[in-house]
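# Remarks on the overall topology
Spelled out from the first residue to the last, the chains are:
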Amino acid sequence: MGHTSLDKIKALQKNPANVRNLCILAHVDHGKTTLADSLVASNGIISSRLAGKLRYLDSREDEQIRGITMKSSAISLHYKDYLINLIDSPGHVDFSSEVSTAVRLCDGAIVIVDAVEGVCPQTQAVLRQAWLENIRPVLVINKIDRLIMELKLTSQEAYTHLQKILEQVNAVTGSLFTSKVLEDRAVKEERAEEDKEEGDIKPAECPGSEQVYDWSAGLEDSDDSQLYFSPDQGNVVFASAIDGWGFSIQQFAQIHSQRMGIRAEVLLKTLWGDFYLNAKAKKIMKGAHAKGKKPLFVQLVLDNIWSLYDAVVTRRDKEKIEKMMMSLGVKVMTRDSRHSDPKVLLSAICSQWLPVSQAVLFMVCDKLPSPLDMTSERIERLMSVGARRFHSLPLQTQELKTGSWPDRDTLRDWQPFSRRKVGREMPNQEVQHRTSVSACLPPVPHLACCTMDSLYLLMGRELEELEEVPSGNVLGIGGLEECVLKSATLSTSPALPPFIPLNFEATPIVRVAIEPKHPSEMPKLVRGMRLLNQADPCAEVLIQETGEHVLVTAGEVHLQRCLDDLRERFAKIEISASKPIIPFRETVIRPPKVDMVNEDLGKQQKVAVIHQVKESDTLHLDPSGLVTLTTPNRQATVGVRAIPLPEEVTLLLEGSADLIRTLEQAGQAQREGRTLDMSTWTLDALMVLKSRLEVLLQGRKWRNAVDRIWAFGPRRYGPNILLNSVEGYQRPSVWHCLEREKGEKEGGAKAEASAIRDFDNSVVSGFQLATLSGPMCEEPLMGVCFSVERWDMNFPTQRTHLDSVTEKDSNSLDASVSESPGEAVGQQGASGKAGGAGETPSQAEGAMAGASHGRLVDCYGPFSGQLIAAVKEACRHAFQAKPQRLMAAMYTCEIMATAEVLGRVYGVLGKREGRVLQEEMKEGTEMFIIKAVLPVAESFGFADEIRKRTSGLASPQLVFSHWEVISSDPSWVPTTEEEYLHFGEKADSANQALKYMNGVRRRKGLYVEEKIVEHGEKQRTLSKNK
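Looking at an unreviewed UniProt entry, one finds the protein named Elongation factor-like 1 and attributed to Oncorhynchus mykiss.

This part is about the overall build of the protein. A tally of helices and strands in the protein yields 32 helices and 32 strands. A burial count over the protein gives 51% of its 1026 residues as buried. Looking at the protein alone, contacts between residues at least 24 apart form 73% of all its contacts between residues at least 6 apart. Working note: accessible area of the protein is about 50,300 Å², and carbon and sulfur atoms make up 50% of it.

Here we come to helix 4 (residues 96-105). Residue pairs three or four apart in sequence face the same way in an α-helix, which turns once every 3.6 residues. A large share of helix 4 lies buried, amounting to 10 of its 10 residues. Along helix 4, the residues that are buried comprise Ser 96, Ser 97, Glu 98, Val 99, Ser 100, Thr 101, Ala 102, Val 103, Arg 104 and Leu 105.

Okay, the packing of helix 18 (residues 522-535) against helix 19 (residues 556-570) next. Helix 19 packs onto helix 18 with a crossing angle of 120 degrees between their chain directions and a minimal axis gap of 10 Å. By the angle between their directions, the pair helix 18 and helix 19 is classed as oblique. The interaxial crossing formed by helix 18 with helix 19 has right-handed handedness. Touching Arg 527, Gly 528, Met 529, Leu 531, Leu 532 and Ala 535 of helix 18 are Cys 562, Asp 565, Leu 566 and Phe 570, all from helix 19. Tallied by class, the residues present in the contact of helix 18 with helix 19 amount to 7 nonpolar, 1 polar and 2 charged.

Turning to the pairing of strand 19 (residues 540-543), a few remarks are in order. As defined by bridge partners, strand 19 adjoins strand 20 (residues 549-553) across 4 bridges and the pair is classed as antiparallel. Note on strand 20: the bridge partner recorded for Val 541 is Leu 551. Taking the residues that link successive antiparallel strands as the turn, the strand 19-strand 20 hairpin has 5 residues, and the phi of Gly 547 there is positive, at about 95 degrees.

What follows covers the packing of aromatic side chains. Counted under the stated rule, the structure contains 17 aromatic pairs. Seen in terms of ring centroids, Phe 238 and Phe 297 are 5.3 Å apart; in terms of plane orientation they differ by 50 degrees. Their pairing is tilted. On the criterion of sequence distance, the pair formed by Phe 238 in strand 6 (residues 236-240) and Phe 297 in helix 11 (residues 296-314) is long-range, its members being 59 residues apart. Accessibility classification places Phe 238 together with Phe 297 in one group, the buried group. These aromatic residues form a ring-pair network of at least three members: Tyr 159, Phe 238, Trp 245, Phe 247, Phe 252, Trp 272, Phe 297, Tyr 309 and Trp 353. One residue, Arg 661, lies across the ring of Tyr 717, its end atom 4.2 Å from the ring centre.

The next subject is the packing of helix 8 (residues 249-260) against helix 11. Viewed as axis vectors pointing N to C, helix 8 and helix 11 meet at an angle of 110 degrees, and their least axial separation amounts to 11 Å. The orientation of helix 8 relative to helix 11 falls into the category roughly perpendicular. Between helix 8, through Ile 249, Phe 252, His 256 and Met 260, and helix 11, the contact on the second element is made entirely by Phe 297, Leu 300, Val 301 and Asn 304. Partitioning the contact of helix 8 with helix 11 into residue classes produces 6 nonpolar, 2 polar and no charged.

What counts as what
- Residues numbered from 1 in each chain as written.
- Predicted model: local features only at pLDDT ≥ 70, side-chain atom pairs only at ≥ 80, totals over all residues.
- Heavy atoms only, no water.
- Helix = DSSP H or I, 4+ residues; strand = E, 2+ residues; numbered from the N terminus.
- Buried < 20%, exposed > 50% of the residue type's maximum accessible area, 1.4 Å probe, protein only.
- Contact = heavy atoms within 4.5 Å.
- Areas by Shrake-Rupley, 256 points an atom, 1.4 Å probe, with all protein chains shown as cover.
- Axes fitted to C-alpha atoms, helices over the stretch in contact; angles between N-to-C directions.
- Parallel < 35°, antiparallel > 145°, perpendicular 65-115°, else oblique.
- Left-handed = near helix turned anticlockwise from the far one by under 90°.
- Nonpolar A, V, L, I, M, F, W, Y, C, P; charged D, E, K, R; others polar.
- Pairing = 2+ DSSP bridges.
- Phe/Tyr/Trp six-rings, centres within 6.5 Å; stacked < 30°, edge-to-face > 60°.
- Lys NZ or Arg CZ within 6 Å of the ring centre and 35° of its normal.

Shown next, in the form of structure tokens:
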């Protein structure tokens, strides 16, 4: 970049009122990078001839090869007296985390919509992300040339089509606005009810005799005038970025006002709408559609563009082209007019007549806010993390909302972007950074000091080093790689709170194990994966229990990009990646009522399932499904039953993992004698979670189940429940931290609880181990409730082995026994077999001593380990006593395809175990939108296959959606006569669940039961005549 331009940008940075920070958002292949090329060409950075072909902001090699943007790129441009900090973001769903980062840094967004495809799934997603970040969008309807060249629409038909696209975009925006208004109203009603309960409202204000309900939703009073996209408001541009032209109706209003003698203000209001020009009266009148007249937009705008395309591209009429160029005042070079490709001449004419860069940049400067215009609502939202509310922040921080900016530095994101909110940034300046904590954890931010080495101006593929950066600008910072993970808030004052975490649309789900080709290069791989974890907002790096280094990504394309980054940028070594590690879950279901051929089942299925568990002298299986297991030393017996959780409960627990983790931390702190301060918001959220569980767990078998929850698992916050159904064991509820004022319980009950609690943690540990790796293929469990219905402790009552201890040890042991007789009594009382009602006092004394000694020896010793193993095995056997199923991770798949290739799309989906949910035709186009679900295990290579089979006419978007139970039983064998008739005696047809299960077991090195020789009844030799 020239020295003069850099100086000009430095000067423009000092005037934040003329700075515009914006990003380009759209569905994949809707023309973001092509439009960005036109904007870059307007500054002379690239040639206008290469705009749309060079894809300047796609600076990575794989981006150029694939033809899609994978990494957000920023560049600073100037337009008149304005500085435009532009960020080009990806449109592929795998890289939606890049969109989240770009949206956080900006004050406005250019939303691009394809004129043919209209509003696509990712268009809705980016509009939602822009709404959540409270930034203002403007609209560009791109690829209008496709309406002329591909769809062959007339100008009148194209006008109707463009109206429908605007309606679709406004419908998405309107639904977001409506949900916000209704949410705000619900919050107001809750506060009003709380005030009423506290007695703040006087009786005169709310008379009990008359209760009038306000049925209005609050939408009538809300101002939505600036919400929607409308050409007459100046926030819509119609464009064809590949041909280099674009316009807003303001431009045509200025052109025609001089020719027709009509005021530009009148034309601006009537160019878009049901208006037509009465040639005789020379007046603009309403009712074009009813009277069969051409709308003004068609007559004055579209007809001119259609005529130009017809003369230049279709007919190649040189005389007409020359007349048009004369009337437009356009001059083109001789080589352009003689070029064999008519699109070259078209671009040369249009880029002078209606340059797309001028239309877009004018709209951006006119309609998008500057950094000084940031709304107080957005400031409040940025600083209100989780339970922390804005009014609870220090007064110095709250001054930011009112515009009284203290001398403070605030930045976001370490690489490649940062955003100056306030203050002035200098190299080698010492700052403090905070990372955002989870929404439900206490508001104690992580704080560290670091020094910024250098500051950069981001110019796409290049960086320009700067000495200082004023507030309101986007910049790059060097020297933070040792301090910041993914994102952070930088400040010179420790009083500033961290900003809220980014909103991610995609969930990391695809895993691969990575190792270097040369083992000596393992330190380089570890460092490279650490850098990748910092640089990519959505990638996760972890080390499994097996020691494998695992990379978790959002999808197949994202995985390939991360592996390329590791090889070429971060680790710079040769690496080997395993096949994708497909996650599964294990669960149990209710006994099915029909067999595999949909015939009604008798008792055969139930008997077949129950006899899968082999009984032994320490293991007993009740016909009802209760598994009783005794420890090897015969001192403890546990009885466990597995119950499938309702699907709604499983989803609730899965979505409330952060809350449950906070609940567990509070319980752990209370057991250790510490206090964990929880905000009112967190306590209220936990109460809501408990009440929702009580509503969902209804029925006789779930009576008082919520109060009897012992633990959640795996890892103490998963979607499985351990239920306390032991008679006589009244342990504190897992919800005990919600009790504001804990009443003192009776001494006996307290002693009993404390006595049993010595080994209480062993039972929980066994449950955690059982839910972490199930019996089918060592995958985590999901949606299973383990009810502990029996827990007997039978310690030996003789103390002969104490004779050999010293007198001092004996005295100390006696003292410990005498100090806690209640504990031993309580422990003995919890046992179902250790003692009966007719026990003598001497026997009870022996039992107390034995129990105390057992606690002293075994609390963290062999008995504790045996109990953990017994609970784990009991849970696994109880799981196997029920009908077992695998749960597969599922993608939501949205495919846009034409009618000609619809059958091929269905063929690929059916081959890969996909299921079509919905099919609808896009109004006004030949495109169909197919919504389906597809197992993650079958998704690899799906996009490539569907493109090959449909010759590129169908493009899928895959987003992780949910977990789904695979209906077939992996261990199924024919048991009924109908199944024998249908499947044969061998039943060797493909079992999808068994294939998945064996694949996971084979990968983990577990035993796989499979036949090496199949159908070996007849031996074939080389001789054919034998």
